[in-house]
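# Structural features, examined
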Amino acid sequence: QVQLVESGGGLVQPGGSLRLSCAASGSIFSIYAMGWYRQAPGKQRELVAAITSGGSTNYADSVKGRFTISRDNAKNTVYLQMNSLKPEDTAVYYCNADRERATILAGDFGSWGQGTQVTVSS
């Protein structure tokens, strides 16, 4: 089982950028598919971006062209580069891991970390 810690959130103005990191430990990171999710107040958690062990990616329509997910297996870390941020990107961002891409896409996890808060505001 892999343990995950999210970091990199903060307050940013509209149009700005942030890079989130998700550091993994406790298992063979490279075999896991990874996903970034977000939950805004009063809304359900949603998948933002996913990356397989082989590097294939998926993005929510709302972030395509603005966000980029990547992974560094040597550092056991997955990143979410967020550009052209909008107020509607404000949320707590979480990462999660599974060996199955389908589980990542479904976001069907029994446990979540603390996440990292992203606030986009002027």
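About the thresholds
- Residues numbered from 1 in each chain as written.
- Predicted model: local features only at pLDDT ≥ 70, side-chain atom pairs only at ≥ 80, totals over all residues.
- Heavy atoms only, no water.
- Helix = DSSP H or I, 4+ residues; strand = E, 2+ residues; numbered from the N terminus.
- Rg over C-alpha atoms; globule rule 2.2 N^0.38 Å.
- Buried < 20%, exposed > 50% of the residue type's maximum accessible area, 1.4 Å probe, protein only.
- Contact = heavy atoms within 4.5 Å.

A few words now on the overall build of the protein chain. Scanning the protein chain from N- to C-terminus turns up one helix and 10 strands. Listing every helix and strand of the protein chain by position from the N terminus yields β-β-β-β-β-β-β-β-β-α-β. Whereas a compact globule of 122 residues would reach a radius of gyration of roughly 14 Å, the protein chain reaches 13 Å, a difference of no more than 12%. Structurally, the protein chain occupies a C-alpha span of about 40 × 30 × 25 Å along its principal axes. Out of the 122 residues in the protein chain, the part that is buried amounts to 41%. Contacts spanning at least 24 positions in sequence make up 57% of the contacts within the protein chain whose residues lie at least 6 apart.

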